[in-house]
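Observations on the model geometry
So the chains spell out like this:
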Amino acid sequence: MINELEVVALKVARPADKLAAGDLGTVVMVHGAGAGYTVEFLTPGGRTIGIVTLEAEAVSLATAQDLVRWRNATAAAAE
């Protein structure tokens, strides 16, 4: 189970929320013993892009072996 305050990667795109697969977020609430999670997605500067509730299958625990990529949040919001 993923715990609160752990970093997760989004496994599926969420165009309505302006989120792409691979975006990283922090779990702020665990639902139903891990059946789902509320995740906050932020820019490195601390600006919240979105807070969404997701089923467990939509996220994966980020590890030290994962690669971080760059994506402009302002451009993503305009799409």
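Scope of this entry: the structure provided in the associated data block. Because the structure is a prediction, the values reported are computed rather than measured. (Residues numbered from 1 in each chain as written. Predicted model: local features only at pLDDT ≥ 70, side-chain atom pairs only at ≥ 80, totals over all residues. Heavy atoms only, no water.)

We now examine the pairing of strand S2 (residues 24–31). Sheet topology places strand S1 (residues 7–10) next to S2; three bridges connect them, and they run antiparallel. By the bridge assignment for S2, alanine 9 is matched with leucine 24. Sheet topology note: the S2/strand S3 (residues 36–42) ladder contains five bridges and is antiparallel. Across the sheet, histidine 31 pairs through a bridge with glycine 36, a residue of S3. Counted between consecutive antiparallel strands, the loop separating S2 from S3 contains four residues, among which glycine 32 sits at a positive phi close to 50°. (Pairing = 2+ DSSP bridges. Helix = DSSP H or I, 4+ residues; strand = E, 2+ residues; numbered from the N terminus.)

On to the pattern of salt bridges, then. Across all of its chains, the model carries three salt bridges by this definition. The salt bridge involving arginine 71 is made with aspartate 23; its shortest N-O contact spans 2.4 Å. Within this pair, whereas arginine 71 is found in the loop between strand S5 (59–61) and helix H1 (73–78), its partner aspartate 23 is found in the loop between S1 and S2, the two being separated by 48 residues in sequence. (Salt bridge = Lys/Arg side-chain N within 4 Å of Asp/Glu carboxyl O.)

This brings us to unusual backbone geometry. Here lysine 18, not a glycine, exhibits a phi torsion of approximately 60°, which is positive. Its location among the elements puts lysine 18 in the loop between S1 and S2. One non-glycine residue, alanine 33, lies in the positive phi region at around 55°. Tracing the sequence through the fold places alanine 33 in the loop between S2 and S3. Classification of alanine 33 as exposed rests on a relative accessible area of 73%. (Buried < 20%, exposed > 50% of the residue type's maximum accessible area, 1.4 Å probe, protein only.)

Bringing the sheet that holds S5 into the picture now. Ordered in space as S4-S3-S2-S1-S5, the five strands form an open sheet in which the pairing is antiparallel. Looking at the sheet topology across the chains shown, the edges are occupied by strand S4 (48–55) and S5. The sheet shows a mean angle of 40° between the axes of neighbouring strands, taken without regard to direction. Summarising the sheet, S1 and S5 pair through three bridges and their orientation is antiparallel. (Axes fitted to C-alpha atoms, helices over the stretch in contact; angles between N-to-C directions.)

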